[in-house]
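# A closer look at the structure
Residues per chain are reported as follows:
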Amino acid sequence: MEPLPDLLVRPIVDLSLAEDLGRAGDITGLACIDADARLSVVFASRQDGRVSGLACARLALAALDPSATFEVVTPDGADAAPGTVLARAKGDARAVLATERTGLNLLGRLSGIATLTRAYVRLVEGTGATIVDTRKTTPGLRALEKYAVRCGGGVNHRFGLDDAILIKDNHVAACGGVGEAVRRARAFAGHLVKVEVEVDGLDQLEDALKHGPDVVMLDNFSLDDLKTAVALAKGRAVLEASGGVNLTTVRAIAQTGVDVISVGALTHSAPVLDIGLDAA
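Residues numbered from 1 in each chain as written. Predicted model: local features only at pLDDT ≥ 70, side-chain atom pairs only at ≥ 80, totals over all residues. Heavy atoms only, no water.

## Remarks on the environment of Val149
Residue position: Val149 is located in helix 6 (residues 142-151). Classification of Val149 by relative accessible area gives buried; the value is 0%. Residues contacting Val149, with those up to four places away along its chain left out, are Ile113, Thr117, Asp133, Gly154, Val155, Asn156, Leu266 and Thr267. (Helix = DSSP H or I, 4+ residues; strand = E, 2+ residues; numbered from the N terminus. Buried < 20%, exposed > 50% of the residue type's maximum accessible area, 1.4 Å probe, protein only. Contact = heavy atoms within 4.5 Å.)

Laid out in structure tokens, this is it:
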């Protein structure tokens, strides 16, 4: 898995460190640890999961000790069983311990997202459906969380409001109908901009398809209506199922023939993967 550039990760890590260090730094470390002490540690998974976010731990340590070493053992995108060593680090003891929580918070959060994504992706194997994320991300962490989805085998939906047109139900209400909304979007969009429209029934789907959207989001459709939608669209647009998606329902949704399944839970409800840091 190609990691995110440090340029994108470092500002998030720096903000997280500043929040934790406060006005006086780690006063526990200052009180208890000699200024010249060194410490070797290992990052290890305590659960089965998919790794993501090692750069966060590395950059956190480097921020306080640029001379520290950080060796990746199990890279982002790899699976880890309980007890698997993810990385080894060595550096100024005060720096190692002061940056421990920031590194683990981000590493555990991103690995949790990657692990949940992996579960969804495995459940739809063989159906042809793709699992994608949403914009339901933690403010300020979107780039990292969407990277974690990729580590889990998922695919990213749009990153923000400016990289694709997605007409939701309130847009439809504001401009007078699904067809009119798609027509206006088509007139506005440049040749590189995709147009997606959300519909909540088969009647809206038929109206939308007349105006040539690239993607139609089928919001909270029943399984029978999803199958009907696939037959109606006949490949004229990519069909995205959304709403009511969980680990119990996702396989049946995928088997209806939809192209894409968007899952907000990947980023808004993924449990943190338990990862520990211990002296080596």
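## Some words on the sheet that holds strand 7 (residues 165-167)
Within a sheet, each strand pairs with its neighbour through backbone hydrogen bonds, oriented either parallel or antiparallel. Spatial strand order, 6-11-10-9-8-7: 6 strands in an open sheet with parallel pairing. Both edges of this open sheet fall to strand 6 (130-132) and strand 7, since each of them pairs with a single strand only. Going across the sheet, the axis of each strand differs from the next one's by a mean of 25 degrees, ignoring polarity. Where strand 8 (residues 195-199) meets strand 9 (residues 215-219), 4 bridges bridge the pair, whose relative direction is parallel. (Pairing = 2+ DSSP bridges. Axes fitted to C-alpha atoms, helices over the stretch in contact; angles between N-to-C directions.)

## So, the packing of helix 1 (residues 6-21) against helix 3 (residues 54-64)
Remark: helix 1 packs on helix 3, axes separated minimally by 9 Å, with the N-to-C direction vectors making an angle of 60 degrees. Along this stretch, helix 1 crosses helix 3, giving a crossing that reads as right-handed. Residues Asp6, Val9, Arg10, Val13, Asp14, Leu17 and Leu21 of helix 1 form the contact with helix 3, whose participating residues are Ala55, Cys56, Arg58, Leu59, Ala60, Ala63 and Leu64. When its residues are assigned to classes, the contact of helix 1 with helix 3 shows 10 nonpolar, no polar and 4 charged. (Left-handed = near helix turned anticlockwise from the far one by under 90°. Nonpolar A, V, L, I, M, F, W, Y, C, P; charged D, E, K, R; others polar.)

## Some remarks on the pattern of salt bridges
Within the structure shown, the criterion is met by 15 salt bridges. Notably, a salt bridge pairs Arg183 with Glu180, separated by 2.7 Å at the nearest N-O pair. Taken as a pair, Arg183 and Glu180 lie in helix 8 (residues 178-188) at a separation of 3 residues, close to a single helical turn. A residue is classified by how much of its surface remains accessible, and Arg183, at 41% relative accessible area, is partly exposed. (Salt bridge = Lys/Arg side-chain N within 4 Å of Asp/Glu carboxyl O.)

## Overview of the nonpolar core
Within the largest apolar cluster, 57 residues are counted, with the highest numbers of intra-cluster contacts made by Tyr120, Ile167, Val216, Leu218 and Ile261. If one sorts the elements of this core by residue count, helix 5 (residues 100-123) sits on top with 6 residues. If you count residues domain by domain, this core takes at least three from each of domain 1 (6-117 + 271-279) and domain 2 (122-269). When residues no more than four places from it in sequence are discounted, the contact partners of Tyr120 are Ile131, Val245, Asn246, Leu247, Val250, Val263, Ala265 and Leu266. Counting residues in each nonpolar core, the second largest holds 19 residues, with Val41, Ala57, Ala68 and Leu86 among its members. (Core = buried A, V, L, I, M, F, W, Y, C linked by side-chain atoms within 4.5 Å. Domains from an automatic or database assignment.)

## What to know about the sheet that holds strand 1 (residues 38-45)
Strands sit in the order 3-5-1-12 across an open sheet of 4 strands; the sheet is antiparallel. Edge positions in the sheet fall to strand 3 (69-72) and strand 12 (275-279), since each of these pairs with one other strand and no more. The average angle at which neighbouring strand axes cross in this sheet is 15 degrees, direction not considered. With 7 bridges joining them, strand 1 and strand 5 (residues 85-92) adopt antiparallel strand pairing.

## A few points about unusual backbone geometry
Negative phi characterises most residues that are not glycine, and trans characterises most peptide bonds. With a phi angle near 55 degrees, Asn220 is a residue other than glycine that sits in the positive phi range. Classification of Asn220 as exposed rests on a relative accessible area of 53%. In this model, Lys234 sits at a positive phi of 50 degrees, which is unusual for a non-glycine residue. Here Lys234 is to be found in the loop between helix 10 (223-233) and strand 10 (238-242).

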